[in-house]
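Letter by letter, the chains look like this.
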Amino acid sequence: MDSDEPLEDETKDGTESELAPQSSDAMLYGEAEAPSTVEKEKPTWEDSETDLEIEGEDTERSFITGQRELYLEACKLVGVVPVSCFIRNMEEPYMKLNHHGLGPMGTKAIAIALVSNTAIIRLELEDNRIMQEGVLSLVEMLHENYYLQELNISNNSLGLEGAKMISDFLQKNISSLWKLELSGNNFKEESAALLYQALSANYRIKKLNLSHNEFSDKGGEYLGQMLALNVGLQSLDLSWNHFHVQGAVALCSGLQANVTLKKLNLSMNGFGNEGALALGEVLRLNSCLTHVDVSGNNISSKGASKLSSGLEYNETLQVLKGATHQLFCREACWVSQPGDPFPGPCSLLQLFLNPISMDGAVLLILSIKKNPKSKMEELDISNVVVTEQFSKILDGVYAVHPQLDVLYDTVKGLSGKKQALSLRMKPMKLIQSYADQHKIPLVDFFKSLNPTRAMEMPVSEFQRALLQQNKVPMNQNQVGELMKKLEDSKGMVNFSSFM
């Protein structure tokens, strides 16, 4: 939450207040806690612009004290069945209500309850047919709620009207939202124009997902202009849209002026080699981007050479990715938890789903070799079939960048069996892969090496146990590398850091 936002115990004008009983056409918001017995001034809310009203026959009702009671009353008055999951988790920070069939009225009942909720900071409402009416309720709620930080309203058929409501709200910079997911909402060029207006001035949204929409090249021009002016976004997902060369060039033009964006997902569009040329120029000049995903853009070896020209000079990029969905889900860099808006970047370069040959792969690794300040730690080109010549060139790259991992496919008969390939991988990557495959916590693997199952053991015993175990094959060099990272000043290895 930004430091200039209202304190938790204050209203928007900075004064403490309670709500008095109102007439049927007045606003009633329930508090999360019972009201104090001390009498305080009770201001009216007649000038409120919000539509989240609870109207009943009793004009002199008592003040609603509990969140649960408020929600149940809201459901009754708007005519929907209460959602038990919402009731059970109203005091938890994470509320997941995806695929619940809420509809506009069910969304309004939840919005009424959230006006005064101080516990929930992450709300997911994906695929609920909330429509424009539901968006209006959520926007009105966000005018009053300063606790909600992450909102997912993807796949809700919001269309142009929904985009307009969201755009009007974002221009006001009044909420605590830093993460907003709007994937799959039938946004087209007109919606891109609205988002350009909103996000050019918005500085609060840090992570935005606009994937699986219908932006084409004109939308790319609007969003490119937005990127040139925006000073808040740090992560933007534009995957699975319809950007081609013109849209790619426009987006890259905006990126050259942008100074805050760190992560950009452009996968599954149609940039081609001309788009790769524009992106290569961005990589040559940009000093902020750490993660770019360009998978599924029909980039060939010619395009890879354009990317390589940028990689030779780039000093900040850690991830140039062309990942499959399986890998996308595996990446922690795109997954965040409440209260952790900017997870640490992984260091991964991947170019799956693009027709790159071995010549293109050679250009990529040589560009990393030529750049002594490169931050790249892993290059995944495992869909590219290479020869012995590539392996020899790669050995020279490793000599300059020993931190680099490169995964690749091999022709039959070459020493490229799975085990041989794994011996080039970083030991922690191998161990993590084993833990993921067997669905066990990472710490359990390490504890299994200790006969006492204790959380720490002497370095010498740990090293011997690693070499003797057969779950994750590692050579002496990999074990030695792991020792350097794990050994503490007392000659012990403590596993608590893996919990």
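Residues numbered from 1 in each chain as written. Predicted model: local features only at pLDDT ≥ 70, side-chain atom pairs only at ≥ 80, totals over all residues. Heavy atoms only, no water.

## A short note on the overall build of the protein
Here is the rule: Each helix is a run of H or I in the DSSP string that is no shorter than four residues. Each strand is a run of E no shorter than two, and both are numbered from the N terminus. Burial here depends on accessible area, computed with a 1.4 Å probe over protein chains only, as a share of the maximum for the residue type. Under 20% is buried, over 50% is exposed, and the range in between is partly exposed. Note on contacts: a residue pair is in contact if any heavy atoms of the two residues lie within 4.5 Å. Using a 1.4 Å probe, the Shrake-Rupley method yields the accessible areas, and only the shown protein chains count as cover for residues.
The helix and strand inventory of the protein stands at 18 helices and 14 strands. Relative to its full complement of 499 residues, the protein shows a buried share of 52%. Taking all contacts inside the protein whose residues are at least 6 apart in sequence as the whole, residues at least 24 apart take part in 80%. Accessible surface, the protein as shown: approximately 22900 Å² in total, 50% of it carbon and sulfur.

## A look at the packing of helix α5 (residues 159–170) against helix α6 (residues 189–201)
To describe two helices that pack against each other, one gives the angle between their axes and the distance between the axes. Inclusion rule: Axis lines are fitted to C-alpha atoms, over the contacting stretch for helices. Their N-to-C directions set the angle, which ranges from 0 to 180 degrees. Here the word oblique covers every angle except those under 35 degrees (roughly parallel), over 145 (roughly antiparallel) and from 65 to 115 (roughly perpendicular). Amino acids outside the nonpolar list (Ala, Val, Leu, Ile, Met, Phe, Trp, Tyr, Cys, Pro) and the charged list (Asp, Glu, Lys, Arg) are all regarded as polar, and Gly is one of them.
The interhelical angle for the contact between α5 and α6, taken along N-to-C directions, is 5°, at an axis separation of 8 Å. Considered as vectors, α5 and α6 are oriented roughly parallel to each other. Two secondary-structure elements touch here, α5 through G159, L160, A163, K164, S167 and L170 and α6 through E190, S191, L194, L195, A198 and L199. Class assignment for the residues of the contact of α5 with α6 results in seven nonpolar, three polar and two charged.

## Topic: the side chain of S211
Keep this limit in mind: Definition of a polar contact: a pair of N or O atoms within 3.5 Å, with one able to donate and the other able to accept a hydrogen when the atoms are protein atoms, and with sequence-neighbouring residues admitted only if both atoms are side-chain atoms.
Note on placement: S211 falls in the loop between β5 (207–209) and α7 (217–229). Given a relative accessible area of 4%, S211 falls into the buried group. Looking at S211, its side chain comes within polar contact range of the side chain of S183, at 2.9 Å.

## Points about the packing of α6 against α7
Closest axis-to-axis distance for the α6/α7 pair is 8 Å, and the angle between their directions is 5°. As far as their axial angle goes, α7 and α6 are roughly parallel. Counting all contacts with α6, which are made through E189, A192, A193, L195, Y196, L199 and S200, the residues of α7 involved are D217, K218, G219, Y222, Q225, M226 and L229. Broken down by class, the residue content of the contact of α6 with α7 amounts to eight nonpolar, three polar and three charged.

## Regarding the confidence of the model for the protein
Should pLDDT be low for a region, the predicted coordinates there are not to be read in detail. Heads up, the rule is: A residue's pLDDT is the predictor's confidence in that residue, given on a scale from 0 to 100.
On average, the protein scores 79 in pLDDT, and the residues at 70 or more come to 76%. Considering only residues more than four positions removed or in separate chains, one finds that residues 1–49, a stretch of pLDDT under 50, has 76 contacts.

## Regarding helix α12 (residues 358–370)
Inclusion rule: An expected span of 1.5 Å times one less than the residue number is assigned to each helix.
For α12, built from 13 residues, the straight-helix expectation of 18 Å at 1.5 Å per residue is met to within 8% by its first-to-last C-alpha distance of 18 Å. Of all the residues in α12, the buried ones are M358, G360, A361, V362, L364, I365, S367 and I368.

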